[in-house]
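# Residue-level structure breakdown
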Amino acid sequence: MRIGPGAVSTGGVNYTRSQVLKLSRYPYRYICFDSDKPGKLAAERLAAELAVYPGETQIITLDAKDPGECRLKELRKLRELIE
């Protein structure tokens, strides 16, 4: 939740159908899970599920292991995307 306003959390790489439907209502969706293999696979899976809905979905890959550990410079770029 370090990213700030406009960001939501699925509570990890396991998300629900209800969460997918809620996310599908937004015209711009940016997915940012942990940068490990399970995070990357979950991001691709979620992006594929959201692709059938109107709007744009992008996967963001961080240099850090997870959003909570990213550098301030990278965090600022994320915030700019979702504003």
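Preceding this section is the structure that the text describes.
Now for a look at the structure at hand. (Residues numbered from 1 in each chain as written. Predicted model: local features only at pLDDT ≥ 70, side-chain atom pairs only at ≥ 80, totals over all residues. Heavy atoms only, no water.)

## Notes on the overall build of the protein
When helices and strands are counted, the protein shows three helices and two strands. Element order for the protein, N to C, with α for helix and β for strand: α-β-α-β-α. For the protein, whose C-alpha radius of gyration is 12 Å, the value lies close to the compact-globule estimate of 12 Å for 83 residues. Taking the principal axes of the C-alpha coordinates as reference, the protein spans close to 35 × 30 × 15 Å. When each of the 83 residues of the protein is scored for burial, the buried share is 30%. Within the protein, contacts between residues at least 6 apart in sequence are counted, and of these 62% link residues at least 24 apart. For the protein, the accessible surface area stands at approximately 5,700 Å², while carbon and sulfur atoms represent 53% of it. For the protein, the distance from the average position of its 14 positive side-chain charges to the average position of its 11 negative side-chain charges is 2 Å. (Helix = DSSP H or I, 4+ residues; strand = E, 2+ residues; numbered from the N terminus. Rg over C-alpha atoms; globule rule 2.2 N^0.38 Å. Buried < 20%, exposed > 50% of the residue type's maximum accessible area, 1.4 Å probe, protein only. Contact = heavy atoms within 4.5 Å. Areas by Shrake-Rupley, 256 points an atom, 1.4 Å probe, with all protein chains shown as cover. Lys, Arg positive; Asp, Glu negative; His and termini not counted. Charge placed at Lys NZ, Arg CZ, Asp CG, Glu CD.)

## Some words on the side chain of Ser24
The topology assignment puts Ser24 in the loop between helix H1 (17-23) and strand S1 (28-31). Exposure remark for Ser24: the relative accessible area of 13% places this residue in the buried category. Discounting residues that sit within four places of it in the chain, Ser24 has contacts with Arg29, Leu50, Tyr53 and Pro54.

## Some details on the side chain of Arg29
With respect to the helices and strands, the residue Arg29 is situated in strand S1. The charged side chain of Arg29 is buried without a salt bridge, its nearest counter-charge being Glu56 at 8.8 Å. A polar contact is formed between the side chain of Arg29 and the backbone oxygen of Ser24, at a distance of 3.3 Å. Side-chain polar atoms of Arg29 contact the backbone oxygen of Pro54, separated by 3.1 Å. (Salt bridge = Lys/Arg side-chain N within 4 Å of Asp/Glu carboxyl O. Polar contact = N/O pair within 3.5 Å; in protein donor to acceptor, adjacent residues only side chain to side chain.)

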